[in-house]
Amino acid sequence: MVLLLIAIGAGIIGALFGLGGGIVFIPVLTILFQQDATTAAAASLVGIVATSTGSATGYVKKGLSNIRLGMLMEITTTIGAITGAIIAGYLENWILLIIFSMVMLYSGFKMAISPEKNITECDAKGDLVFRYSDAASGVEDQPYAVKNCKSGMVLCTIAGAVSSMTGVGGGSIKVPLMNIHMNIPVKVASATSSYMIGITAFSGAIIYFIQGAISYQIATAVAIGAYIGAVIGTRISAKVNAKAIKRYMSVVFFFIAATMLLKAGGYM
Amino acid sequence: MSLNSETAWILKTETSIGLCIMAVGLVASILGFGDLLMQVGILVLIFAPVLGVIVSTKCLIQEKDRKWSCVAIALIVILVVGMVISYFT
């Protein structure tokens, strides 16, 4: 019951800040519930599938998620995720905790500075030119040309490996990668990332499922709570000042990263 | 239905079914027989994104979008190969 309530909180935070929720599930499961990193990652990935597919449904229906581009980038992301999940099975708990701490520090840093590239100009030529509309921001049939696709796909391999090794969705890596490096509008990048995260999480989760590493009760509580939280978070996101909360959240992330490093070092 | 609406529908349906089975399993676990239900629910849930890709592939083939159909099929092949590798690792 406690885990269910925490998962709802994680789902709300995930929906508010465009994260999969894994960044909250992992510290909660490892520090509060004393689970090892592998069990935590496995449960977290199941929760991420629930939140990702739940939130991606709306984005896909509106056409904000670029399904074609998402599937292209998922080819290398999935290869990374499969490799990461297999490697994770052979790594010591403390190594996984250190990798997670690094992801946490990176996410906290990214949240504090919120880098965002505004895509306004496009020559509307080439193989990878797409269009999108977003009624909320008054954008209608805006073309955008995807750049650096090959290097973006290579970097997605790393995002996939980190995701399955640590149990995070990888949205904190994919969104800036697509927006800043590949010239994709941030709204499309965020929506496409939501769609992709589910597929990446599947690749990791199915391996943990086959290995029997998933604790059913923990994964169920996390998935149901995260889904409810994501629904609540999506509804309240328009009413709260997420930018102001982001700065405070980054401090919380740095604190969690430090706690995880202490746990990795055997001090907790 | 279009690529987007069909994909969105299957994602929503599969996720809802998976979560419902898991919820019933969680309640049943109090009575001592929920493990199998939770296992099935987790499996249904985690396969939702893959079903989304399969439905997208079907739509792209119907739209005769050859280039993106090939990309979608390549992704399905990699997902299947990944499952096979993990099963034997």
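Residues numbered from 1 in each chain as written. Chains lettered and ligands numbered in written order. Predicted model: local features only at pLDDT ≥ 70, side-chain atom pairs only at ≥ 80, totals over all residues. Heavy atoms only, no water.

A. The interface of chain B and chain A, seen in detail. Tallying the contact residues gives 42 residues for chain B and 41 residues for chain A. Where chain B touches chain A, the interface holds two salt bridges. A:Arg68 is the partner of B:Asp65 in a salt bridge, and the nearest nitrogen-oxygen pair spans 3.1 Å. Where chain B packs against chain A, one counts five residue pairs in polar contact (both at pLDDT 80 or more). Per element, the largest residue contribution to the side of chain B that touches chain A is 13 residues, and it comes from helix 4 (residues 66-88) of chain B. (Contact = heavy atoms within 4.5 Å. Salt bridge = Lys/Arg side-chain N within 4 Å of Asp/Glu carboxyl O. Polar contact = N/O pair within 3.5 Å; in protein donor to acceptor, adjacent residues only side chain to side chain. Helix = DSSP H or I, 4+ residues; strand = E, 2+ residues; numbered from the N terminus.)

B. Structural detail: the nonpolar core. Among the nonpolar cores identified, the biggest contains 104 residues, and A:Val46, A:Met71, A:Ile184, A:Tyr195 and B:Ile46 are the most heavily contacted of them. Residue contributions to this core peak at 14 residues, all from helix 8 (residues 186-211) of chain A. (Core = buried A, V, L, I, M, F, W, Y, C linked by side-chain atoms within 4.5 Å. Buried < 20%, exposed > 50% of the residue type's maximum accessible area, 1.4 Å probe, protein only.)

C. Broad picture of the packing of aromatic side chains. Following the criterion strictly, the structure yields four aromatic pairs over all chains and no others. For the pair A:Phe130 and A:Tyr144, a centre-to-centre distance of 6.0 Å together with 35° between the ring planes defines the contact as tilted. Here A:Phe130, found in strand 1 (residues 129-134), pairs with A:Tyr144, found in strand 2 (residues 139-145); they are 14 residues apart in sequence, far enough to count as distant. You can call A:Phe130 buried: its relative accessible area is 12%. Residue A:Tyr144 is classed as buried on the basis of its relative accessible area, which comes to 2%. Centre to centre, the rings of A:Phe130 and B:Trp68 are 6.0 Å apart; their planes meet at 55°, and the pair counts as tilted. In this pair, A:Phe130 sits in strand 1 while B:Trp68 sits in helix 4, so the two residues belong to two different chains. When its relative accessible area of 7% is taken as the criterion, B:Trp68 is described as buried. Members of the aromatic cluster, each reached through a chain of ring pairs, are A:Phe130, A:Tyr132, A:Tyr144 and B:Trp68. (Phe/Tyr/Trp six-rings, centres within 6.5 Å; stacked < 30°, edge-to-face > 60°.)

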